[in-house]
Structures are given as structure tokens and as C-alpha cells.
Amino acid sequence: MLSKRRLSILGIVAILSGCATLPDGSANLDRSSAPVEIAAAPFFPQQQFQCGPAALATILVHSGASTSASDLGPQVYIPGRQGSLQPELLAATRAADRIPYVIDTSVSAIYAELAANRPVLVLQNLGISQLPRWHYAVVVGVDPNHDKVYLRSGTDRRREMKLKTFLRTWQRGDFWAFVALQPGELPTQPELTRFAEAVAAVEASGHDQAARSSWQAAARRWPEHPVVLFGLANNELSAKNYQQAEFHYRRILATRPDNLLAANNLALALAYQARHAEALQQINRVLANAAADDPLRPEYLQTRQEIRDMPKKPSHDEEPAEAS
Amino acid sequence: MTMKLWKQIVLTISSVAILSLGFTQVSVAGVIDTQQLIDAENRSAAIDRIEATLLRDDVAAQLIEFGVDPDEVLARVQHMTTAELLSLDGQISEQTAGASALGIIGAVFLILLILELVGVTDVFKSI
């Protein structure tokens, strides 16, 4: 709970920042660009309030996933709220083995994605801020010359909207929009951290193979970037390709010798290859370099414990067979 | 039973326990996942940006005028959680971007308010 004093301070901040303007969603759209439209985008007319499942099915099926609005309903529709939540749309996209990537807040970003044959799921507020009427739809076309936007929306296969009207409704939805990337696909205007987080979330939900292709694509786009190499290495580690994992962790450490997170995981990659002494030496170096209040220190200690607890022989790879 | 045999039994039991743990969690325990690395990267980038703002000569001078030691603020910033740091960083860049018309004093005032809100300083106790 905020105290009264804090609320009053918040109020001052809000007033003082009143001159800060919202981003202009139409910025950077080249009015002379050719119209773009994905005529082949599928259409799922929405049932009652179920615009979430309908819109999601449109982008997922277009990306090659085999699903439908009625399949997705139970995953993303909340009957009590007569709607779907944004995080659930993203989660259901991951469940379909696709990478949900939230795009930039501009029509030019939508245009670029459409040109790459990816329809864009958007959140609109068709009411007003005080009396919102939230709606998910899919932008399938933009005509910059005539200021028009085309959507799969509700029960309309091809709803035409004036660009200005669309922008107003989209702005009231905080310009929220995402695309469903196939594994290994990059968005047209990829932002490294956002893409890495999207792939890491897909991986965390158990889709290691999809994540693997995407890490590899990222590595082609951003070679030698520590975040990408780390994603690649962790993926290899969980696939038990310990040598490959070791290779990528070492590539990070070659340019960033003080990256303790990579050094910690390298210790484990060595331990899993039954290189016990090297692993212990590695993790001890991590602990020697970690600050006393390093928030990850407990993890480093856990790693050392785990390595110490590993039997030195036989090698780790052979253990599961013995355990079963 | 000899001590040696006991040791053998204990070792066998504990290694079976470790093995069965290892069987299900072989690459989870101790592994730092990719999101944690991204968080750490985001954290240090946010600290760098906040430092750069607070240590700007004009901002630092103004902070001192308000009775706040920039170094002390920095020390406290280091101990904020990542969520707090990112929120502070986001607010500073958002507020100061909109505050250009207010000039540097206005910007520092806003930064102070934000620092106050996230509990780093308490200049405004009396408000």
C-alpha cells in the first residue's frame, strides 16, 4: 500500500510529466510504400466474447501450427471475465511451439512484419479509457497511400479501418502487438534482449527444440554476443551435449572473463564430463571472484556442493542407467 | 560391523540418493538459466545508466544542493533489487525525457522524487 504522502508525490510526478507525450504510433510509416496484405491469412469468426482464441488461431495457423479457435478456447478464454489475458495469449503461443515476439509500438513495425508474411495480433480498446471495451484482432493489411488498415476482427473477415481510427484504438491498448515466430525465425526488426527473453521463455516452458533453432538463428544475427552464446550453451547443456556447452561457455569467457554466470555453468559442464578436478577448480575461482553480497552467490555455492557430491567414477553420463 | 562397512553402507545410500536426484534433475540443479543472465545484464546496464545520470556534473551539483550525496545514493542503488532498479531506471529516463522544458533543476527534482518513492532517499519526509 502506498502511503498518502507517497500518493501525493506520485501525483506531482504525474503532473510534472504531463508534457511527456505518448509515442506517435504512425511515426516512420512511409506514406509512399506499397500496400501490403496477407490475403491468405485464415479467418476464425469469433464466438460470443471469444476474440482472444479467434485472433490467436489466425496467427498460429498462418504460421503453420495445427490448431483452431475452438482448440485454443480452453487455453486462453476465461468465461468469468469474458475475455483473455495477454500473458495467456503469449503462453498459448509457446504451447503451440511458436515464439511470441512483442513488436515495436508503431505502424511501421506492423507493416514490416506483414511484409514478412506474418500477421500481427493487436490489442485494441474500442471503447474509451474510462469505459474500456477490450478487443483482440489481427492486422493482415496496411495501405499507407490510402491510410487504411485491414483486420481479421470479430465476425468480420476483412474489416477496413481508417489508419487514424485504428491508431486511436491501438493506442488505448498501449500499442500492444505481437507476432508468432516459427522456431529459427527472426522478427524483421529484432531487438536482442527482447528476442532472447522470448526464446528463454519458450525454453523454460519445455520447448527445447524450438528454442534451439531460435538460438542458432540469433547466433547468426549476433555472432559472439554473450547472451546468445549463453542461451546456446544452456540449450546444449540441457540436451546433454556437454562438450558443445563447454565450447560456448568458453567463447563467452574468452571476451568476458569476469562473467561468473558463464563460469558457473562451465564448471557444471565440466563436472558432467566427469572432469571433477577441473570443475572444482573452476567453481572455486567463481566463488573467489564473487562479491560477498552477490545475489547469485547461493547458486555458486550450490554448484560447488553439487560437484563435490558427484561420484568421481563412473562418469556422470553412465549414472542414470545404474539408477534405474 | 566394522566402521569401514558402515561407511560403505552410508556412501552407497547417499550415492543412490544423489543418483536418483541426478536422474530427474541432471541439468537443472546449480545451472544458471538464460533468463537469469539476461536479468543480470539488464541490471548492470540499468546501474550504468543511473550512475551516468547521477554523476553528471550538473545533476550531481544539484543533488548536493538538495543535501543528497550522489555517492551515497549510488551505494544504495547497488542494493536495490533488480525490479526496483529497472523501475527506477525506466522512470528516470521517462521523466527526464519529458522534463527537458523544466531544465536541469526540474529534472533533478523529479529524480529526487523518484528516488524517494523507491525508498533510496528521504529528502521529502516533510511533504
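Keep in mind it's a predicted model, so treat the numbers as computed, not measured. (Residues numbered from 1 in each chain as written. Chains lettered and ligands numbered in written order. Predicted model: local features only at pLDDT ≥ 70, side-chain atom pairs only at ≥ 80, totals over all residues. Heavy atoms only, no water.)

## Brief notes about the nonpolar core
Where a protein is soluble and globular, its nonpolar side chains tend to be buried together.
Inference 1: Counting 100 residues, the largest nonpolar core has A:Leu56, A:Ile110, A:Val122, A:Val139 and A:Tyr300 as the members making the most contacts within it.
Inference 2: Setting aside residues no more than four positions away along its own chain, A:Tyr300 makes contact with A:Leu260, A:Leu261, A:Asn264, A:Ile283, A:Val286, A:Leu287, A:Ala290, A:Asp294 and B:Ile32.
Inference 3: Ranked by size, the runner-up nonpolar core spans 17 residues in total, among them B:Ile50, B:Leu54, B:Met80 and B:Leu85. (Core = buried A, V, L, I, M, F, W, Y, C linked by side-chain atoms within 4.5 Å. Buried < 20%, exposed > 50% of the residue type's maximum accessible area, 1.4 Å probe, protein only. Contact = heavy atoms within 4.5 Å.)

## Overview of the domain arrangement of chain A
Residue and element names in this part refer to chain A.
Inference 1: Domain assignment breaks chain A into domain 1 (22-181) and domain 2 (192-309).
Inference 2: Between the C-alpha centres of domain 1 and domain 2 the distance comes to 36 Å.
Inference 3: Each partner contributes residues to the interface: domain 1 has 11 residues there, and domain 2 has 10 residues.
Inference 4: Of the roughly 840 Å² buried between domain 1 and domain 2 on both sides combined, carbon and sulfur atoms contribute 62%.
Inference 5: By the criterion of area lost to domain 2, the three top residues of domain 1 are Arg 94, Ile 99 and Tyr 101, representing 61% of everything that side buries.
Inference 6: Taken together, the connections running from domain 1 to domain 2 amount to one salt bridge. (Domains from an automatic or database assignment. Buried area = accessible area lost by both parts, 1.4 Å probe. Salt bridge = Lys/Arg side-chain N within 4 Å of Asp/Glu carboxyl O.)

## Structural notes on the confidence of the model for chain A
Inference 1: Mean pLDDT over chain A: 88, with 88% of residues reaching 70 or higher.
Inference 2: Low pLDDT, under 50, characterises residues 9-23 of chain A; the predicted model gives this stretch 19 contacts beyond four residues in sequence or across chains. (pLDDT = per-residue confidence, 0-100.)

## Regarding the side chain of A:Ser84
Residues and elements named next belong to chain A.
Inference 1: Considering the arrangement of structural elements, one finds Ser 84 in the loop between helix H3 (69-76) and helix H4 (86-95).
Inference 2: In terms of polar contacts, Ser 84 uses its side chain to reach the backbone carbonyl oxygen of Val 76, at 2.9 Å.
Inference 3: Setting aside its immediate chain neighbours within four residues, Ser 84 contacts Gly 52, Pro 53, Val 76, Tyr 77, Leu 89 and Tyr 136. (Helix = DSSP H or I, 4+ residues; strand = E, 2+ residues; numbered from the N terminus. Polar contact = N/O pair within 3.5 Å; in protein donor to acceptor, adjacent residues only side chain to side chain.)

## Quick word on helix H5 (residues 107-115) of chain A
All names here are of chain A.
Inference 1: Across the nine residues that make up H5, a large majority, eight, are buried.
Inference 2: Of the positions making up H5, those classed as buried are Val 107, Ser 108, Ala 109, Ile 110, Tyr 111, Ala 112, Glu 113 and Leu 114.
Inference 3: Looking at the packing, one finds that the buried side of H5 touches strand S1 (36-37), strand S3 (120-125), strand S4 (134-143), helix H6 (163-171) and strand S7 (177-181).
Inference 4: Downstream of H5 by a residue or two, Asn 117 has a phi angle that is positive, lying close to 65 degrees.

## A word on the pattern of salt bridges
Inference 1: One pass over the full model with this rule turns up 15 salt bridges over all chains.
Inference 2: Its salt-bridge partner being A:Arg194, residue A:Glu191 comes within 3.7 Å of it at the nearest N-O pair.
Inference 3: Using a relative accessible area of 35% as the deciding quantity, one classes A:Glu191 as partly exposed.
Inference 4: According to the relative accessible area criterion, A:Arg194 is partly exposed, its value standing at 24%.
Inference 5: Measuring nitrogen to oxygen at the nearest pair gives 2.7 Å for the salt bridge that ties A:Arg256 to B:Glu41. Note that A:Arg256 is positioned in the loop between helix H10 (242-255) and helix H11 (260-272) and B:Glu41 in helix H2 (residues 34-54), a pairing that runs across two chains.
Inference 6: On the basis of relative accessibility, which here comes to 30%, the residue A:Arg256 falls in the partly exposed class.
Inference 7: Within this structure, A:Glu246, A:Arg250, A:Arg275 and A:Glu278 form a network of salt bridges that share partners.

## Some details on the environment of A:Ser213
All names here are of chain A.
Inference 1: Structurally, the position occupied by Ser 213 is in helix H8 (residues 208-221).
Inference 2: Spatially, the C-alpha atom of Ser 213 lies 9.7 Å from that of Val 199, the residues being 14 residues apart in sequence.
Inference 3: Setting aside residues up to four positions removed in sequence, Ser 213 forms contacts with Pro 183 and Gly 184.

## So, the confidence of the model for chain B
All names here are of chain B.
Inference 1: A residue-level look at chain B finds 56% of positions with pLDDT of 70 or above and a mean pLDDT of 69.
Inference 2: Per-element confidence in chain B ranges from a low mean pLDDT of 44 for helix H1 (residues 3-25) to a high of 88 for H2.
Inference 3: Within the model, the stretch residues 9-27 combines pLDDT values under 50 with 14 contacts to residues more than four positions away or in other chains.
Inference 4: ipTM for the predicted complex: 0.77, alongside a pTM of 0.78.

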